[in-house]
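# Topology and contacts: notes
Here are the chains, one letter per residue:
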Amino acid sequence: MAARPPPARPHIGINPANRFSSYSVAEWVDDDAWDSGSDSESPTKTAWKRQASTSTAPKAVPRTAQNNSSSSTLASSYTHLHAPSPSSYPPKFEVQPPRNGWTIVNKQGGNRRNSEVHHDTESIQEEAADVELEGDMVVGELDPEDPEDVAAPLTVSGKPKPDKSAIREDVDEIVNDPLHLARRSPKRRRSSRSQYDSSVHEGSEKLIRERSIKSNRRDKFIQCIIHDDVDMAQLRKLAWNGVPSDLRAVAWPLLLGYLPLPASSRAPTLVRKRQEYLSLVELAFARNREGLDQQIWHQIEIDVPRTRPGVKLGYVQGINDLVTPFFQVFLSAYIDSDPEEFDPSLLPENVLNAIEADSFWCLSRLLDGIQDNYIATQPGIHRSVKRMAELVARIDPPLSAHLESENVEFMQFAFRWMNCLLMREISVENTIRMWDTYLAEGPDAFSQFHLYVCSAFLVKWSKKLREMDFQGIIMFLQSLPTQGWGDHEIELLLSEAFVHYSTWHNAQSHFGK
């Protein structure tokens, strides 16, 4: 059958009423089921420490460092520092006891251009005149530095570490009424992207055009979500192209069905669901850790710090990955800094509770469509991987034949793609943009449409893969070069996936049974 063309950017031609239908295929489960919880662990307690990960695969494969494009890195590397030789140290200074409020420093060698201190005021010059200079440099006891002039501590990435000043002043209004996000003016966050934007010439036609398009799209989103009864078809059509970052905390819950469409019901629903979440937490930890399943809790203590170091999230392995985009989207609503650098413990308790509750319920909604991915033996993932192999054989026969000739099994790399929804292969920022489209497609997108995204993702590297042997293929697929990907690359991938979906989804007779 003829393929429908992908929606041209900005994808105006999307039919929001389109839905996925279930595959009618026989169950496919290997006798030797994939064990997602088979990461090696020490018999002693190793909670909250990074550990290198291993994963069970049908075939032994070489391991490489994971792609750093996502914050969900599996492996950690450490740099061993060695003390430099004494000759590499800077020259020492001989410091004499202070006299008359000044400290005399004898400098051994060095550049004399750095040995002079100039004082502009007469009072300091007169006071300095009474000091007997015995060295090259005079250092006075100056006033304490202005706190605003002190450089902020830096994060590992080299960016200033966000503090409480990054928290918005209107957080209480946002907690009580999510539509407050739509009514307020958008603010630019202090991020590398905004710094790049400011470096672009303000008068360029391209920049003006892009900002105009973004502004118009944002206005359309606002008009849609502030309506007394949100038009879901219109919201999905708008979201396919991406949701404005400052409106995701409202749009995503609406698309998932967590927030009701009638405006009058939203605030009461949030109060009830957030209180219900707090009650569940209190019940689960009523007897502290002793009241929990100790084996499950032990696995959580190992995997969460390993895959999301520094973020306290709390499980079948991989689910903590899936909650991260929700947590980051909701956190972004309350701060003016990069959510990946911000410490959530700085937030007021009511705000943190709201973020946790909203993330939990949205994750629950997402899991409703992919539950069989995370039950015993994970049959949903096995079916998806098998169908992906069949789909790639139709889309790119030479690639499929080469993988088969090199004895590469799809389970060796695609299991993780299905289990973690490609979050280990792309950055969280890329994942959030991709989920805009998934949520616009409907609740089945995370199982059905994701299959076509994974297939397009593999075929993208077809030329390189067909030139590699088994070892090279596995190593390449374990560390894909997606570090520099942005919205443009994700949108191209989604468009390719849409073409494959339009071509093959309703052609079930082409697939093996």
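Please refer to the structure placed before this passage.
Quick summary incoming for the structure in this document. (Residues numbered from 1 in each chain as written. Predicted model: local features only at pLDDT ≥ 70, side-chain atom pairs only at ≥ 80, totals over all residues. Heavy atoms only, no water.)

### Here we look at the packing of aromatic side chains
Using the following cut-off: Ring geometry is summarised as follows: Phe, Tyr and Trp rings, the Trp one being its six-membered ring, pair when their centres sit within 6.5 Å, and such pairs are stacked at plane angles under 30 degrees, edge-to-face over 60 and tilted between the two. Here, over-ring charges are defined by two tests on the NZ atom of lysine or the CZ atom of arginine: distance to the ring centre within 6 Å, and angle to the ring normal within 35 degrees.
Summed over all chains, the structure comprises 18 aromatic pairs. Aromatic side chains Y438 and F446 sit 5.2 Å apart centroid to centroid with 80° between the ring planes, which places their arrangement in the edge-to-face category. Every member of this aromatic cluster is reached through a ring pair, and the members are W252, F326, W435, Y438, F446, F449, Y452 and Y501. In this structure, K273 packs its charged tip against the face of W361, placed 3.6 Å from the ring centre. Positioned above the aromatic ring of W461 is the side chain of K460, whose terminal nitrogen or guanidinium carbon lies 5.6 Å from the ring centre.

### Focus on unusual backbone geometry
The phi angle of most residues is negative, glycine excepted, and most peptide bonds adopt the trans form. This is how it is decided: Counting from the N terminus, the helices are DSSP H or I runs at least four residues long and the strands are E runs at least two residues long. Partly exposed describes any residue whose relative accessible area lies between the buried limit of under 20% and the exposed limit of over 50%, with all areas from a 1.4 Å probe on protein chains only and scaled to the type maximum.
One non-glycine residue, Q378, lies in the positive phi region at around 45°. Positionally, Q378 belongs in the loop between α11 (349-367) and α12 (379-395). Accessibility expressed as a relative area gives 4% for Q378, which makes it buried. The backbone of L421 shows a phi angle near 55°, a positive value even though the residue is not glycine. Examined against the element boundaries, L421 turns out to sit in the loop between α14 (411-419) and α15 (428-441).

### As for the pattern of salt bridges
Working definition: two side chains of opposite charge can pair if their charged atoms are close together. Using the following cut-off: Within this document, salt bridges are pairs made up of a side-chain nitrogen of Lys or Arg and a carboxyl oxygen of Asp or Glu, the two lying within 4 Å of each other.
The tally for this structure, following the rule as stated, stands at 11 salt bridges. One salt bridge in this structure joins K273 and E276, with 3.7 Å as the shortest N-O distance. Of this pair, K273 and E276 both sit in helix α8 (residues 266-284), three residues apart, roughly one helical turn. For K273, a relative accessible area of 16% puts it in the buried group. Residue E276 is classed as partly exposed on the basis of its relative accessible area of 34%.

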